[in-house]
Amino acid sequence: MDAQPATTGPAGLIARLRAKLTGGSSEASLTRRLAGTIFIIRVISAGLAYVSQVLLARWMGTSDYGIYVYVWTWVLLLGSMMDFGISASAQKIIPEYRTSDEHALLRGFLAGSRWLTFAVSTLVSLGLAGIVKLLSPWIDPAEELPLYIGCMTLPAFVVANTQDGIARSHDWMQLGLMPQFIIRQALIIGITASAFLLGYHLGAVAAMVASLGAVWIAMAGQMVVLNRKLADHIEPGPKAYDVRGWLAVSLPILLVESFYLLLSYTDVLVLQQFRPSDEVGVYFAVVKTLALVSFIHYAMSATTAHRFAEYNALGDKARLSVYVAHAINWTFWPSLAATIVLLALGKPLLWLFGPQFVIGYDIMFVAAIGLVVRAAIGPVERLLNMLGQQKICALAYALAFVMNVVLCIALVPHYGGHGAAAATSISLTFETVLLFWIVRQRLGLHVLAFGR
């Protein structure tokens, strides 16, 4: 009788929620905690990014801000692909080396992967700088120097991505994500704010210099901490390097990541070609508002990938099947709940961008369909990548990308943002069905949040 009140009211609700989050097997409990950590980091990062974009736009003016966004977008796109997929494949390679006790290869990968990505990205960046020089007669003079600074930023950006993959493979989620998503963003705000308060002209060049410094500082700090943790975690000894093996695993994953990025940007890029800029702005606000749903999928993908590889390397299919089902449930149901909340609050959330953005409210419902459908199979693209099915996964993403391009070109000219949202949702639904079928056929696993 004394214990009864603890199960009712707010205190009881909190206790039951805590038990739900921390209960179950140790792997499941750890996964939920780590995924929650990643989700919180991404939400804070999104808030910082929004604040920084608002401040930079006000301090710099429309023209300089446009140049900065243009160059920084290239840094994000190229930097995400110039590691050749090693940041993602680290979550497959490291657990396999650990499981098979190949310590020399493990030590070689932990050091060599970063040197490899740094060397290659530096050479590619020099090549890109050469291309900028060759095209300088046709490039806006105001863009030339920021583009050179962007090239100088890329090597540090790529190494930071590689270190992120290494850290996540050891469940060090905060070390992997905070330097890129929190510290780097805070440094950009701090450096540009200091320059503005000291009276310096904050143009595109100054903003790119601030971003260059933030990326290099965050990467260097992350490297110092990561090296110390690895020294405590990995015994010293000889190193062996299997670069060909690393690339054999990484390059197909790079194709998957590249097609995913293209699929993510197709709707906005096509919309820019066929519709007025105000419609593009409204659609972009809708996409940003629904980004919370994607954060849940990202958090679970980042948390589970290396465990998929570990259980597969151990040959424990039963344990893998249970863990996959757990990952799917904790992707779909929170995503569904977040979608319902965002749709319910859609109008006031869009109003924050400006009263004119509320007209995009009904687009939210069309765009949300694809996100919810994709969440129904959880992070299965990571599952396929970690279990050696990278090529078929890349093919699925390529087909979905082609479908999205065709549908966007067909629908956007007549239906604007509604057409872009419909094209993306249809493509995501096609991708989901295809991935479900591939996993069923190749791995014999049921990867749907409901049914069997």
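From a predicted model like this one, the values you see are computed outputs, not experimental measurements.

Rules used in this analysis
- Residues numbered from 1 in each chain as written.
- Predicted model: local features only at pLDDT ≥ 70, side-chain atom pairs only at ≥ 80, totals over all residues.
- Heavy atoms only, no water.
- Axes fitted to C-alpha atoms, helices over the stretch in contact; angles between N-to-C directions.
- Helix = DSSP H or I, 4+ residues; strand = E, 2+ residues; numbered from the N terminus.
- Parallel < 35°, antiparallel > 145°, perpendicular 65-115°, else oblique.
- Left-handed = near helix turned anticlockwise from the far one by under 90°.
- Contact = heavy atoms within 4.5 Å.
- Nonpolar A, V, L, I, M, F, W, Y, C, P; charged D, E, K, R; others polar.
- Buried < 20%, exposed > 50% of the residue type's maximum accessible area, 1.4 Å probe, protein only.
- Salt bridge = Lys/Arg side-chain N within 4 Å of Asp/Glu carboxyl O.
- Expected span 1.5 Å × (residues − 1).
- Bend = angle between axes of the 7 residues up to and from the residue.
- Phe/Tyr/Trp six-rings, centres within 6.5 Å; stacked < 30°, edge-to-face > 60°.

Working note: a packed helix pair is described by the angle between its axes plus the distance between those axes. At a minimum axis separation of 12 Å, helix α7 (residues 173–197) and helix α11 (residues 291–314) run at an interaxial angle of 140°. As judged from the angle between their axes, α7 and α11 are oblique. Like other packed secondary-structure pairs, α7 and α11 cross with a definite hand, here right-handed. Within the contact between the two elements, α7 uses Met173, Leu177 and Phe181 and α11 uses Tyr298, Ala302, Thr303 and His306. The residue makeup of the contact of α7 with α11, split by class, is 5 nonpolar, 2 polar and no charged.

One non-glycine residue with positive phi stands out, namely Asp101, at about 60°. Residue Asp101 is classed as exposed on the basis of its relative accessible area, which comes to 52%.

Before going further, it helps to spend a moment on the pattern of salt bridges. This structure, assessed with the given rule, holds 2 salt bridges. As a salt-bridge pair, Lys92 and Glu96 come within 2.8 Å of each other at their nearest N and O atoms. In this pair, Lys92 and Glu96 both sit in helix α4 (residues 86–99), 4 residues apart, roughly one turn of the helix. You can call Lys92 buried: its relative accessible area is 8%. Assessed through its relative accessible area of 25%, Glu96 is described here as partly exposed. With a shortest N-O distance of 2.9 Å, Arg168 and Asp164 are connected by a salt bridge. Of this pair, Arg168 and Asp164 both sit in helix α6 (residues 141–169), 4 residues apart, which is roughly one turn of that helix. For the pair shown, Arg168 and Asp164 are each scored as buried.

The subject of this paragraph is α4. With 14 residues, α4 should cover 20 Å at 1.5 Å per step; its first-to-last C-alpha distance of 19 Å lies within 8% of that length. At Lys92, α4 shows its maximal bend, which comes to roughly 25°, and the proline Pro95 appears one to four places after that position. The complete set of buried residues in α4 reads Ile86, Ser87, Ala88, Ser89, Ala90, Gln91, Lys92, Ile93, Ile94, Pro95 and Tyr97. After α4 finishes, the residue Asp101 shows a positive phi value of roughly 60°.

The geometry of an aromatic ring pair comes down to the distance between the two centres and the angle between the two planes. Considering all chains together, one arrives at 10 aromatic pairs under this definition. With a centroid separation of 5.1 Å and 85° between ring planes, the pair formed by Phe109 and Trp246 is classed as edge-to-face. Of the two residues, Phe109 sits in helix α5 (residues 103–134) while Trp246 sits in helix α9 (residues 243–274), which places them 137 residues apart along the sequence. Pair check on accessibility: Phe109 and Trp246 agree, each one buried. Ring centres of Phe308 and Tyr323 lie 5.8 Å apart, and the angle between their planes is 80°; on these two criteria the pair is classed as edge-to-face.

Interpretation in functional terms is not warranted from these geometric data alone.
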